[in-house]
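Survey of secondary and tertiary structure
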Amino acid sequence: EIVKGIDDAGVKVCVVGGTVSEMALHFIERYGMLCLRIGSKWELRRLCVATGATALVRLGAPTPDEMGYCDRVQQKEVGGRPVTIFSQSEGSKTGKLSTIVLRASTSSVLADLERAIDDGVHAARTACKNGKVVPGAGATEMELSLKIKAFT
C-alpha cells in the first residue's frame, strides 16, 4: 500500500538512507521503480540539492513539492567500480552541481590533486563574484607581446 502510493505520486527512483525490507523491494520491483540506498547523510543531502528534492523522514508518498527531478539515472563502471549517475540536461533549473572523479596511484598524489581542484574552483568562484581580479603570472605581458607582433 505504501509503495503503491509512492508509485501513484509519479516516483520512478526512490533513494533511501536506511534499510529496505525484502517485501518492500518486491513491490518496488513490481511497480518498475528503482531503489537506491545511500549510507551517508552528507551524500543524501547533496543528491537532494542536485535534484531539487526534500529528504523525508516519514514513510509514504511525497507531495509534488517534495519530489526532485532528474533527466536520466544510469549505472556506469568507473575504475572497476559501479557508479550511479544522476544526469541533468543543460537548461535544467533544479541544480547546479557537478562531481569531478579523481584517480591517482597513491593517496598523497590524490590529496594533491584534490587540493589543486579545490584551489581552481575557489579561484574561479572568486573571479566570477568579484570583477576586480587582474591577470597574473605574466599573462598581461604575453597578451601585449601578441598584440605587438600582430601590429607589426
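Here's a quick rundown of the structure.

Conventions we followed
- Residues numbered from 1 in each chain as written.
- Predicted model: local features only at pLDDT ≥ 70, side-chain atom pairs only at ≥ 80, totals over all residues.
- Heavy atoms only, no water.
- Helix = DSSP H or I, 4+ residues; strand = E, 2+ residues; numbered from the N terminus.
- Rg over C-alpha atoms; globule rule 2.2 N^0.38 Å.
- Buried < 20%, exposed > 50% of the residue type's maximum accessible area, 1.4 Å probe, protein only.
- Contact = heavy atoms within 4.5 Å.
- Areas by Shrake-Rupley, 256 points an atom, 1.4 Å probe, with all protein chains shown as cover.
- Lys, Arg positive; Asp, Glu negative; His and termini not counted.
- Charge placed at Lys NZ, Arg CZ, Asp CG, Glu CD.
- Core = buried A, V, L, I, M, F, W, Y, C linked by side-chain atoms within 4.5 Å.
- Expected span 1.5 Å × (residues − 1).
- Patch = residues over 30% accessible without salt bridge, like charges linked within 9 Å, V, L, I, M, F, W, Y side chains within 5 Å.
- Salt bridge = Lys/Arg side-chain N within 4 Å of Asp/Glu carboxyl O.
- Pairing = 2+ DSSP bridges.
- Right-handed = clockwise from strand over helix to strand, strands pointing away.
- Disulfide = S-S within 2.5 Å.

**Some points on the overall build of the protein**
Along the backbone of the protein there are 5 helices and 4 strands. Listing the helices and strands of the protein from first to last along the sequence gives α-β-α-β-α-β-β-α-α. A compact globule built from 152 residues would reach a C-alpha radius of gyration of about 15 Å, whereas the protein, at 23 Å, exceeds it by more than 25%. Counting across all 152 residues of the protein, residues that qualify as buried make up 14%. For the protein, the proportion of contacts with a sequence separation of at least 24, taken over those separated by at least 6, is 36%. Carbon together with sulfur atoms contributes 57% to the accessible area of the protein, which is approximately 12200 Å² in total. Treating the 20 positive side-chain charges of the protein as one cloud and the 17 negative ones as another, the clouds have centres 3 Å apart.

**Things to note about the environment of Val 83**
Note that Val 83 resides in strand E4 (residues 81–87). Here the alpha-carbon distance between Val 83 and Gly 5, two residues 78 residues apart in the chain, equals 29 Å. Here Val 83 is in contact with Gln 74, Gln 75, Lys 76 and Val 78, once residues within four sequence places are set aside.

**Focus on the nonpolar core**
Listed in full, the 5 residues of the largest apolar core are Val 3, Ile 6, Val 11, Ile 28 and Met 33. Ignoring any residue separated from it by four or fewer positions in sequence, one finds Met 33 in contact with Val 3, Ile 6, Asp 7, Val 11, Lys 12 and Ile 28.

**What about helix H5 (residues 139–151)?**
Taking 1.5 Å of rise per residue, 13 residues should cover 18 Å, and H5 covers 18 Å from first to last C-alpha, within 8% of that figure. Burial of H5 is sparse: only 0 of the 13 residues sit out of reach of the surface.

**Description of a nonpolar patch on the surface**
The grouping of Val 78, Val 83 and Val 101 at the surface amounts to a nonpolar patch, some 210 Å² of accessible area in total. Val 83 sits in the partly exposed class, given a relative accessible area of 31%.

**Describing the environment of Val 16**
Checked against the element boundaries, Val 16 lands in strand E1 (residues 13–16). The exposure class assigned to Val 16 is buried, which follows from its relative accessible area of 18%. Considered as a pair, Val 16 and Ala 50 are 34 residues apart in the sequence and their alpha carbons are 16 Å apart. Those residues in contact with Val 16 that lie beyond four places of it in its chain are Cys 35, Leu 36, Arg 37 and Ile 38.

**Some thoughts on the pairing of E1**
Of the two faces of E1, only one is covered, namely that formed by Cys 14 and Val 16; the face formed by Val 13 and Val 15 stays uncovered. Where E1 meets strand E2 (residues 34–37), 4 bridges bridge the pair, whose relative direction is parallel. Bridge pairing in E2 places Val 13 opposite Leu 34. For the crossover that starts at E1, traverses helix H2 (residues 22–30) and ends in the parallel E2, the hand is right-handed.

**With respect to the state of the cysteines**
A full pass over the atoms with the stated rule returns 0 disulfides. Considering cysteine sulfurs only, Cys 35 is the nearest to Cys 14, which forms no disulfide, with 5.1 Å between them.

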